[in-house]
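Report on the structure
Now for the letters of each chain:
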Amino acid sequence: MLTLTQPEIHHKKRQVHMKFEKLAISNPRDLVFGYAPKPVTTRRGLVIGGGLVYPELNFTLPPMEINEQTLPEVHVHYQDIIRGSLEKALHLHSDGVVFEFETLIEMTRTPRIGIELVKLMNGICEEFYQKHGLKSEIRLTPNDLREFERPPKQRTSALLGHMLELFEKGALAGGDLLSIESTGGKEISDESLLMCNIKQFIFSQSVLGVRDMKMLWGKIVDIARRTGRIAGGDTACGFGNTAMVLAEKKYIPKIFAAVARVATVVRTLVAVEEGAVGPDKDCGYEGPFLKAIAGIPISMEGKTSACAHTSPVGNVAAACCDLWSNESVQNIKLLADIAPVVYMEQLQYDVRLFNQALREGKESVAVLQRLLVDSDAYFDPQAFVLAPVNVIEISKEIVKGDSYINAAKRGCLKGIELIEDAFKTGKLMDDPKETQWISMLKDDIASIPDKESDFVEEMLPTLDPEKISLSEYGL
């Protein structure tokens with residue numbers, strides 16, 4: 001297992017500043033699907049963000065135990081998924097495919113299991129590449145084991161070593177894109193969402209999340225460079241999507257979830273600051289902001305991710321995607337075929353439509369994007385803030401921030417301003433239950449101190465030391 005260095009505590013005494021000060025894409029017309037200012041080319045020749053949208057299939061096992069006795073069955077599941085999905089992609093004349101391998105707990109706790117599965121799947125990908133010229137790559141996404149300790153040990157946990165071992169040896173086994181759904185700050189964010197405490201949520205992102213991302217992504221980028229692989233990116237799924245699911249269940253206001261989504265951008269952007277080049281991971285929906293700010297290609301999910309969760313952003317999420325994902329589906333038998341193969345077909349037909357528009361030119365791209373956006377944006381503020389024109393306006397404010405906290409505040413306040421104006425002008429469906437939150441959110445966000453030490457001091461009395469160890473964030 002990899003040995004860990006002592007925890008980095010190098011941000012303790014100084015205010016941290018963002019790297020990005022201007023947008024890579026400043027015109028909403030240029031924030032489109034299939035194109036990114038900084039495309040990424042994989043080992044087998046997929047050019048992500050270079051003029052085509054590719055499907056990204058995500059899959060998992062059916063309910064079953066994972067142990068030494070069941071490993072042969074586990075191998076058969078993944079072999080059937082990859083072979084069946086590549087056969088479907090070949091049959092549908094696919095331009096290329098990305099497979100996201102999100103490991104399960106047992107596969108990261110025992111890295112050997114995850115590494116063997118990467119090797120198995122990569123071998124099938126290589127077979128189809130050599131025989132048929134079908135390009136495919138594996139995105140390796142170890143799960144963040146640290147959240148299973150209480151309080152989480154973000155920097156000193158032995159579990160971090162298992163994660164990093166899987167990253168490094170899994171990359172050498174064939175994982176070309178390295179990503180993670182990291183969870184730094186989650187020990188307070190879940191409660192802050194349930195209590196609609198926007199100040200505490202922004203603290204979890206712009207202070208705790210940023211600090212954890214700097215530590216973690218410094219290590220992941222180093223592994224990518226040493227193994228010749230691509231540092232893809234992170235996702236705030238555990239934060240932004242948690243808010244979205246709570247809003248869907250009517251536990252919290254939709255406008256709160258929309259603002260929370262914007263607040264996640266600064267922490268996910270840190271991966272790019274540390275050297276990640278994209279495509280970022282799909283399930284946080286902060287990708288459009290990263291594309292506008294940093295110019296990296298992005299993976300997004302929407303209507304085809306209903307197998308994993310419902311959402312109000314089924315179409316608008318596709319407005320500027322470079323990979324189009326289904327989030328995740330269990331390997332169960334449906335009437336047509338096993339579920340991952342069925343979802344490969346659905347994703348492939350979706351990207352055919354994107355790519356046909358791209359082939360026809362800017363006018364067709366603009367029409368398709370407008371339909372994707374307009375079909376969702378009116379009904380929910382969470383969809384509204386993902387419209388490219390609003391992404392650009394919010395991103396402009398984020399890069400003006402002189403610190404991560406200030407950037408998060410600026411972005412959130414601009415998002416609220418746009419939502420409030422849309423309610424008034426009829427661009428967003430009026431809902432008195434939602435609009436009553438506007439002034440409260442504004443006041444709470446505006447009262448957040450810009451200086452990190454002041455924000456930490458203000459938050460300290462609200463934090464339960466049995467749930468969070470600030471020393472694990474270098475505080």
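These remarks concern the structure in this document. (Residues numbered from 1 in each chain as written. Predicted model: local features only at pLDDT ≥ 70, side-chain atom pairs only at ≥ 80, totals over all residues. Heavy atoms only, no water.)

Let us look at the pattern of salt bridges. According to the stated counting rule, one finds 34 salt bridges in the structure shown. One salt bridge connects Lys254 with Asp380, and the closest N-O pair in it is separated by 3.7 Å. Here the residue Lys254 occupies a position in helix H8 (residues 254–263), and Asp380 occupies one in the loop between helix H12 (362–377) and helix H13 (381–384), the gap between them amounting to 126 residues. On the accessibility criterion, Lys254 (25% relative accessible area) is partly exposed. Note that Lys400 and Glu397 form a salt bridge whose closest N and O atoms lie 2.9 Å from each other. Taken together, the shared-partner salt bridges connect Arg43, Arg44, Glu126, Glu137 and Asp176 into one network. (Salt bridge = Lys/Arg side-chain N within 4 Å of Asp/Glu carboxyl O. Helix = DSSP H or I, 4+ residues; strand = E, 2+ residues; numbered from the N terminus. Buried < 20%, exposed > 50% of the residue type's maximum accessible area, 1.4 Å probe, protein only.)

For the rest of this paragraph, the subject is the packing of aromatic side chains. Aromatic rings considered in pairs are described by the distance between their centres and by the relative angle of their planes. Overall, the coordinates contain seven aromatic pairs when judged by the stated rule. Note on Phe59 and Tyr78: the rings are 6.0 Å apart at their centroids and 65° apart in plane angle, and the pair reads as edge-to-face. A residue pair is termed long-range when its members are at least 10 positions apart, and Phe59 in strand S3 (residues 54–60) and Tyr78 in helix H1 (residues 71–91) qualify at 19 residues. Each member of the pair Phe59 and Tyr78 is classed as buried. (Phe/Tyr/Trp six-rings, centres within 6.5 Å; stacked < 30°, edge-to-face > 60°.)

On to H12, then. Along its 16 residues, H12 runs 22 Å from first to last C-alpha, staying within 8% of the 22 Å computed at 1.5 Å per residue. Taken residue by residue, H12 has Val365, Leu368, Gln369, Leu372, Val373, Asp376 and Ala377 as its buried positions. Relative to the axis of H12, the buried residues are bounded by an arc of 145° and lie together on one face. Taken together, the buried residues of H12 touch helix H11 (339–360), H13 and helix H14 (388–398). (Expected span 1.5 Å × (residues − 1). Arc of directions from axis to C-beta. Contact = heavy atoms within 4.5 Å.)

With that settled, the discussion passes to the packing of H14 against helix H15 (residues 404–425). Contact geometry of H14 with H15 gives a least axis separation of 7 Å together with a crossing angle of 145°. Of the two possible hands of crossing, H14 and H15 adopt the one that is right-handed. For the pair H14 and H15, contact is made by Asn390, Glu393, Ile394, Glu397 and Ile398 and by Ala407, Arg410, Gly411, Lys414, Gly415 and Leu418, respectively. Among the residues forming the contact of H14 with H15, the class breakdown is four nonpolar, three polar and four charged. (Axes fitted to C-alpha atoms, helices over the stretch in contact; angles between N-to-C directions. Left-handed = near helix turned anticlockwise from the far one by under 90°. Nonpolar A, V, L, I, M, F, W, Y, C, P; charged D, E, K, R; others polar.)

In short, geometric facts, not functional conclusions.
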